[in-house]
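# Residue-level structural notes
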Amino acid sequence: MFPLIAALLAVTATGSASGAPHDGYATPGEVITVTTTAVGDPGNPSVGVVPFTDAVYRSCADAPSGCVTVGRVAYPYQIGRLEVTVAQWVAFLNTADADGRDPHNLYDVTESSTAWPRYGQIDFDPRATRGSHYSVAYPQWADKPYGFATFLRAARFVNSLDNGEVLSISTRGAGPFRYTDYRVRLSPRTETGMYDLARRAPTRTARTGFVVPSQNEWIKAAYYDPRHGGTYSYWKYPTNPGVFGDGDATAPNPTVLNATTGDVTNGATQPLATYRLSGEPAPAWCPAEREPCADVNPMGLDPTTYASLYQGSLSTAGQARTLSPWGTLDQGGNAVEWTDTLTPPPAGQTGERVWRRLHGGIANAAAFQLWPSAVGLQPQDNAFFAHSYPWLGMRIGRI
């Protein structure tokens, strides 16, 4: 499991859509642009990993007990170039919850800039007009990853995309990578689509469409090198091949952030990721409008405990600039990301909760959270984390 303090889709909100209503709803959805990268080489070899250990194996037959097989995907697919951004999530909120009633738990009070000055990304105004109750707290947050996701929130966003109207598609090459821009009018329909939210453990209902990536889709995009670099064709980090067994000696450099904007200021220092290098402070910033930030903590923790736990901030999406083998950005560090892969609960856990895999590390995580063996897990709708963990993100795929 990822510890409490431990992160592909580029989405640009283009404002409220105009035109005729869609899907039988009185208000049309907002229009966003989604950028994906193509992931090919179907049927690639998998590897074995033992969770959170510094090694990769040709197969689990060569590994110690506890090994799991990861990384093989039998079909071509696309995955978001970046994590979902705050601006994109606000566009979704104003489409999916136009009346501001939040029947599906898409928003928590700690997401506001008043309740949590350091991490509050989105403000809510109950008096606003229909379709505009939610807003980006400060301009600096617009292009940061959304950080309060649960899997069920991610699934509802995917359904909004999947039920939406694709207005245009354009594809372009960039070196060995192939990117596709989808301009989509979001749909207010969130409960059915790629995932049926009436089910206890929703799984994909179609063979084509937008998805939350699976664990194998996510790992392949982050670590599998079609040019067969790394070890058994897998990198140790989503940013560079590294060397398995050397701890963090070949880890990427940590980002340095502008103190009031969260922009990356050392983008030329490659490879680069937003995470905490051992013995160093975590990358952090605070909106200039909310200085000082550290004196407010909505959980009411002891100030010393709060300062220890809540270090590290999300950086501007993509500004670390280091590409994975398939041209994605920020699969290492920034926000940990959900997958739709179901998994048994950790040892000692009982009850009816549904658990999913996550990957990627966070701004306050050490280098080991960036390894392919960092196969973390969480309940799919962890209300405590949605309230108190501001680094839970998502990246959307397309099959």
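Below is a summary of the structure that appears in this document.

About the thresholds
Residues numbered from 1 in each chain as written. Predicted model: local features only at pLDDT ≥ 70, side-chain atom pairs only at ≥ 80, totals over all residues. Heavy atoms only, no water. Buried < 20%, exposed > 50% of the residue type's maximum accessible area, 1.4 Å probe, protein only. Helix = DSSP H or I, 4+ residues; strand = E, 2+ residues; numbered from the N terminus. Pairing = 2+ DSSP bridges. Disulfide = S-S within 2.5 Å. Polar contact = N/O pair within 3.5 Å; in protein donor to acceptor, adjacent residues only side chain to side chain. Phe/Tyr/Trp six-rings, centres within 6.5 Å; stacked < 30°, edge-to-face > 60°. Core = buried A, V, L, I, M, F, W, Y, C linked by side-chain atoms within 4.5 Å. Contact = heavy atoms within 4.5 Å. Salt bridge = Lys/Arg side-chain N within 4 Å of Asp/Glu carboxyl O.

## Section: the pairing of strand β9 (residues 177–185)
The element β9 is largely enclosed, with a buried count of 7 among its 9 residues. Note: strand β2 (residues 31–39) against β9, 7 bridges, orientation antiparallel. Bridge pairing in β9 links T37 to Y179. Note that strand β8 (residues 165–174) and β9 share 9 bridges and pair antiparallel. Bridge assignment links V166 to a residue of β9, and that residue is V184. Counting the residues between successive antiparallel strands, the hairpin from β8 to β9 contains 2 residues, one of them, G175, with a positive phi of roughly 65°.

## Thoughts on the state of the cysteines
By definition, a disulfide links the sulfur atoms of two cysteines through a covalent bond. Across all of its chains, the model carries 1 disulfide by this definition. There is a disulfide in this structure between C60 and C67, and the S-S distance comes to 2.0 Å. Here the disulfide of C60 and C67 is left-handed, its torsion about the S-S bond being about -75°.

## So, the environment of D302
For D302, the position within the fold is in the loop between β12 (272–273) and α4 (303–309). Accessibility expressed as a relative area gives 44% for D302, which makes it partly exposed. In terms of polar contacts, D302 uses its side chain to reach the backbone amide nitrogen of T304, at 2.9 Å.

## A short note on the pairing of strand β5 (residues 77–80)
With burial as the criterion, each face of β5 is covered, one bearing Y77 and I79 and the other bearing Q78 and G80. Two strands pair when backbone bridges link them, and β2 and β5 are joined in this way by 4 bridges, in the antiparallel orientation. Bridge pairing in β5 links T36 to G80.

## Here we look at unusual backbone geometry
Following Q270, the chain continues to P271 via a peptide bond in cis, the omega torsion being -10°. Along the chain, P271 turns up in the loop between β11 (253–254) and β12. The backbone of Y232 sits at a positive phi, close to 55°, despite the residue not being glycine. As for its position among the elements, Y232 is in the loop between α3 (215–223) and β11. Unusually for a residue other than glycine, R321 sits at a positive phi of about 75°. For R321, the position within the fold is in the loop between α4 and β13 (336–343). The class of R321 is exposed, set by a relative accessible area of 52%.

## Quick word on the packing of aromatic side chains
Tallying each qualifying case throughout the model produces 26 aromatic pairs. Taken together, a centroid distance of 5.8 Å and an interplanar angle of 85° make the contact between F151 and Y195 edge-to-face. In this pair, F151 sits in helix α2 (residues 151–162) while Y195 sits in the loop between β9 and β10 (210–211), placing the two residues 44 residues apart along the sequence. According to the relative accessible area criterion, F151 is buried, its value standing at 0%. Ring centres of Y389 and W391 lie 5.2 Å apart, and the angle between their planes is 85°; on these two criteria the pair is classed as edge-to-face. Taken as a pair, Y389 and W391 share a single burial class, namely buried.

## Thoughts on the nonpolar core
Judged by nonpolar contacts, the single largest core of 58 residues is most densely connected at I122, F157, L161 and Y195. For this core, the elements supplying multiple residues, two or more each, are β2, α1 (86–96), α2, β9, β10 and β13. Discounting chain neighbours no more than four positions away, the residues touching L161 are I32, V34, V184, L186, F210 and I396.

## Description of the sheet that holds strand β14 (residues 355–359)
Two modes of strand pairing occur in sheets, parallel and antiparallel, and in both the strands are linked by backbone hydrogen bonds. Strands sit in the order β15-β14-β13-β16 across an open sheet of 4 strands; the sheet is mixed. The open sheet has two free edges, formed respectively by β15 (376–379) and β16 (392–393), since each of these has just one partner strand. Across 4 bridges, β14 lies against β15 in antiparallel orientation. Among the inter-strand pairings, W355 is bridged to a residue of β15, identified as P379.

## A word on the side chain of E83
Along the polypeptide, E83 turns up in the loop between β5 and α1. Among the polar contacts listed, one links the side chain of E83 to the side chain of N334, at a separation of 3.5 Å. Side-chain polar atoms of E83 contact the backbone nitrogen of A335, separated by 3.3 Å.

## Some points on α1
Residues that lie three or four places apart on an α-helix share one face, since the helix turns once every 3.6 residues. Of all 11 residues in α1, 11 are buried, a share of seventy percent or more. The set of residues buried in α1 consists of V86, A87, Q88, W89, V90, A91, F92, L93, N94, T95 and A96.

## Things to note about the pattern of salt bridges
Scanning the model with the defined rule gives 15 salt bridges in all. Measuring nitrogen to oxygen at the nearest pair gives 2.9 Å for the salt bridge that ties D54 to K236. Separated by 182 residues along the polypeptide, D54 in the loop between β3 (47–49) and β4 (68–70) and K236 in the loop between α3 and β11 bring together distant segments of the chain. A salt bridge links E165 to R185; the nearest nitrogen and oxygen atoms lie 3.4 Å apart. Of this pair, E165 sits in strand β8 while R185 sits in strand β9, and the two are 20 residues apart along the sequence.

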